[in-house]
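One-letter residues, chain by chain:
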Amino acid sequence: MSTEEHAPTETASAGGAPRSLAEALRGRDDRSLAVLLRARPDLITPVPTDLTQLATRAGTRASVVRALERLDRFALQTAQALAVAADPASYDELASLLAGDDADPAVTAALPRALGTLRDQALVWGPENRLRLVRTARELLAPSPQHPSPTGLGPTVAEATAGMSPGRVQEIVAAAGLPSTHDSVSAVAALAALFTDRRRMAALLATAPPESLDVLTRLVWGPPYGQVTANPAPHLRWLLDRGLLLPTAPGTVVIPREVALRLRSGRAHREVQPVPPPVEASGTHRPQVVDATAAGQAYTALATVEELLKDWDEGGPGVLRAGGLSVRDLKRTAVALDLPEPVAAFWVELAYAAGLLASDGEADERYAATPAYDEWLELPAAERWARLATAWLTATRTPGVIGERDAKDRTLSALGPGLDRSAAPEVRHRVLALLAGLPEGTSATPDSVLARLHWERPTRGGQHPQQAPAQPPQSQAAPASPANQQPSARSRQGEDLRARIARWTLSEAESLGITGRGALSSHGRALLGLPDEAPAPAELPETPGDKLPAHHVPLPHAPASVSAPDPVAERAAAASRAARLLAPLLPEPLDHVLLQADLTAVAPGPLKRPLADMLGVLADVESKGGATVYRFTPGSVRRALDAGRSASDLHDFLTAHSRTPVPQPLAYLIDDVARRHGHLRIGAASAYVRCDDDAMLSEILADKRSQGLGLRRLAPTVLAAQTDPATLLDGLRGMGYAPAAESAEGDVLITRAHARRTPPRTAPEPVPDGPPAPDDTLLGAAIRAIRAGDLASTTPRRAPDGPAAPPGALPRTGSAETLATMQAAVLTGEALWIGYVNAEGSASQRVIAPVRVEGGFVTAYDHTADEVRTFPLHRITGVAELADDAT
């Protein structure tokens with residue numbers, strides 16, 4: 001990085017204009033510094049010691065690349081225009097490069113905001129007549145053969161002729177109709193002046209052959225490089241002789257930047273986008289219809305998650321060795337949920353993100369519900385939904401990439417590693433915010449949403465335009481195809497990912513009930529922390545620079561001293577408000593079903609939990625939807641009897657919860673299964689069967705299907721088996737009998753399904769997308785520390801004998817002189833400049849105000865740390881008084 005960007009204060013010009021980025025930062029107020037640190041939080045990780053170090057860090061490649069990635073399209077185009085302008089450039093020159101010779105009014109109106117953004121983020125500094133792009137940003141954005149510019153411009157005349165012989169330069173000057181000069185520098189300057197003069201350039205081009213003009217037309221918007229043969233055609237020779245094309249390598253020519261800009265009417269970009277593209281509406285619905293549709297989807301979402309966890313209640317599928325869910329288990333789960341596999345994977349991942357399921361951590365590791373799931377079930381339906389929606393909104397895990405390959409060519413699996421995409425929360429928030437900007441009940445076209453996102457983050461998620469190598473020229477005097485025109489596969493994949501996340505967001509928000517019919521619902525708006533009414537689409541906020549022209553009127557920022565609310569508390573409050581808005585829209589749970597003569601029961605809506613749980617044991621779900629259909633079978637009735645219910649209990653239950661009389665076929669089914677249930681008793685012998693009816697035991701022995709059970713008669717009413725009781729129980733049930741298990745005491749065993757739970761687990765933490773945004777407390781402390789450190793490093797000092805000491809040099813005094821100066825400062829209250837070496841041997845300089853000196857220690861207010869500290873005297877290298885003109 002150039003030293004001019006972080007040179008010390010003494011480099012300031014006599015007129016007061018900043019001579020370095022550090023000096024420009026030094027001239028900012030605390031609010032402006034807070035804006036910078038909020039926009040680029042990596043600059044205070046860790047906190048810089050002073051403003052010079054802050055400026056140095058702001059110019060590092062990694063930080064600049066990250067800042068450029070977060071610029072919107074027009075701000076990035078403004079930076080690209082500065083990169084091809086003179087250094088420094090005036091505001092009018094920059095405006096001309098963006099607005100062209102016709103001074104596009106839309107570009108002219110939007111430029112103050114874009115320039116203010118670049119100033120706020122310390123990418124541009126200097127007054128309006130000397131605008132400077134941070135050198136690292138210029139290196140990234142300026143054209144070069146290896147890194148073509150997104151503007152499509154090539155090198156300047158001076159850069160293209162740098163290696164050309166003086167004789168050849170004079171030949172070009174003469175062919176262009178210019179007088180010869182005594183040196184190449186003035187000749188190149190005269191040629192550049194010709195190309196930038198509109199009248200003289202028009203006169204020169206008027207004499208050009210039509211074929212020559214056609215070549216310039218093909219190269220003017222980029223790529224600027226072309227290929228020529230050793231003996232170029234006459235129309236190419238005409239261009240080469242007059243410097244309208246200049247050689248850069250054997251067989252390669254380039255159109256100089258000045259020529260291209262004149263042919264472009266002064267524009268640096270072919271298409272300038274000063275304002276974001278609008279989000280287009282695809283349909284409009286009544287807000288009540290949107291809310292009702294979204295509420296129905298929200299209820300379905302809750303039912304799906306409950307069904308998933310109920311299916312895994314006794315222990316879910318196993319965990320792969322590399323982590324995650326196997327393809328076969330995902331297919332089985334999708335069949336159980338009656339959903340496509342990608343949709344089933346989304347619900348599995350959502351339950352995981354909400355902390356409702358996890359791996360149990362056992363030797364034979366399996367997935368199961370967590371204790372938090374039981375707590376979640378006890379919450380009201382709207383609060384359960386709010387928890388799911390909040391988890392989805394902030395999660396970085398992206399189910400849409402399941403089934404793809406990672407960098408090591410391994411398949412990404414559900415619940416496995418490698419699914420985190422740090423940009424996902426930002427994209428989800430932004431997509432929903434764009435929907436919120438439309439009138440209530442209005443849905444957006446996906447393509448317009450994607451176009452808006454691409455304008456806001458044109459380089460986000462992909463390779464930086466200057467990081468891909470240029471391709472060689474393609475044909476004679478034809479444009480080469482640089483990498484920024486043909487993105488690499490990696491770049492396309494990155495760009496596609498962001499667009500795909502946006503599309504997944506639209507689909508997932510609909511499935512969750514945040515949107516209804518494509519429009520944001522009222523509870524979805526509350527989830528984002530927005531007011532009930534949809535606001536009018538707001539213009540992009542203006543951002544002030546450190547010094548803007550008088551005709552720039554930026555909108556003010558909120559003061560840096562205003563306390564920012566806690567994000568966690570904000571999310572909790574928004575989720576609570578969303579739940580309150582959703583609650584009246586959800587269907588009220590019912591306490592009844594409709595029994596039918598075909599051994600089915602119809603639940604016309606959601607059932608209360610005790611009823612739903614009992615009915616889930618007594619019957620099998622046959623179909624789901626607005627109304628759920630349950631079917632009673634001998635197996636389902638036996639399942640209820642095995643759970644400890646008697647026939648009379650089942651009759652009473654159905655009578656109490658049915659709006660229709662209990663059909664006779666259902667009553668007969670219950671009585672028939674109950675009459676046979678428990679007639680056979682099975683215990684441990686290894687296992688045995690006993691029955692008061694010896695004829696039934698004879699029938700079992702004679703049945704060929706019982707041969708695998710190893711049965712033999714021990715007594716007229718007892719059979720012994722070679723299998724365990726569970727296998728014997730299942731075998732006889734498969735033969736059509738209804739045995740019951742009994743204990744060693746002869747009592748009937750009640751076999752309830754035991755829910756399997758993992759130990760307490762926390763939900764997965766989102767992967768941060770860079771350093772977190774600092775809160776106001778951290779910002780205030782960081783700015784105070786930077787200011788104090790800057791004071792210590794820039795305040796003029798003088799040694800005890802009078803001469804001023806240069807900044808950066810530690811003072812050196814003897815121990816007696818140090819002690820005497822400290823004691824005198826305690827009496828006078830003056831501040832001192834000291835050199836200090838800490839316990840780790842690290843030396844630093846500080847400005848302190850001594851308060852007390854005793855016992856080999858000095859207690860003083862440390863301006864650098866903005867607190868009172870105690871310093872051992874033996875660690876102080878020296879002391880000096882501040883100069884009289886110190887501020």
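Right, let's walk through the structure included here. (Residues numbered from 1 in each chain as written. Predicted model: local features only at pLDDT ≥ 70, side-chain atom pairs only at ≥ 80, totals over all residues. Heavy atoms only, no water.)

Tracing the backbone shows Glu742 in the loop between β20 (740–741) and α32 (776–794). Using a relative accessible area of 6% as the deciding quantity, one classes Glu742 as buried. Within the structure, the side chain of Glu742 is placed 2.4 Å from the side chain of Tyr688, a separation counted as a polar contact. In terms of polar contacts, Glu742 uses its side chain to reach the side chain of Arg690, at 2.9 Å. (Helix = DSSP H or I, 4+ residues; strand = E, 2+ residues; numbered from the N terminus. Buried < 20%, exposed > 50% of the residue type's maximum accessible area, 1.4 Å probe, protein only. Polar contact = N/O pair within 3.5 Å; in protein donor to acceptor, adjacent residues only side chain to side chain.)

This brings us to the nonpolar core. Within the largest apolar cluster, 96 residues are counted, with the highest numbers of intra-cluster contacts made by Phe74, Phe195, Leu244 and Leu245. At 8 residues, the largest contribution of residues to this core is made by helix α5 (residues 73–84). Dropping the residues within four chain positions of it, Leu244 is found in contact with Phe195, Met201, Leu204, Leu205, Leu216, Trp238, Leu239, Val254, Ile255, Pro256 and Val259. Counting 69 residues, the second-largest nonpolar core is a separate cluster that includes Ala389, Val427, Ala436 and Ala502. (Core = buried A, V, L, I, M, F, W, Y, C linked by side-chain atoms within 4.5 Å. Contact = heavy atoms within 4.5 Å.)

Here strand β13 (residues 600–603) shows two buried faces, one formed by Thr600 and Val602 and the other by Ala601 and Ala603. Here 3 bridges tie strand β12 (residues 594–596) to β13, and the two strands are oriented antiparallel to one another. Directly across from Leu594, in β13, lies its bridge partner Val602. With antiparallel pairing between neighbouring strands as the criterion, β12 and β13 make up a hairpin whose turn holds 3 residues, including Leu599 at a positive phi of roughly 65°. Bridge count between β13 and strand β15 (residues 628–631): 4 bridges; the pairing is antiparallel. Bridged to Val602 within β15 is Val629. (Pairing = 2+ DSSP bridges.)

The subject of this paragraph is the packing of helix α10 (residues 166–175) against helix α11 (residues 184–196). Contact geometry of α10 with α11 gives a least axis separation of 10 Å together with a crossing angle of 30°. Here α10 lies roughly parallel to α11, going by the angle between them. Handedness of the crossing formed by α10 with α11: left-handed. Contact residues: Pro166, Val169, Gln170, Ile172 and Val173 in α10; Ser184, Ala187, Val188 and Leu191 in α11. Taken together, the residues of the contact of α10 with α11 break down into 7 nonpolar, 2 polar and no charged. (Axes fitted to C-alpha atoms, helices over the stretch in contact; angles between N-to-C directions. Parallel < 35°, antiparallel > 145°, perpendicular 65-115°, else oblique. Left-handed = near helix turned anticlockwise from the far one by under 90°. Nonpolar A, V, L, I, M, F, W, Y, C, P; charged D, E, K, R; others polar.)

Read these as spatial facts, not as claims about activity.
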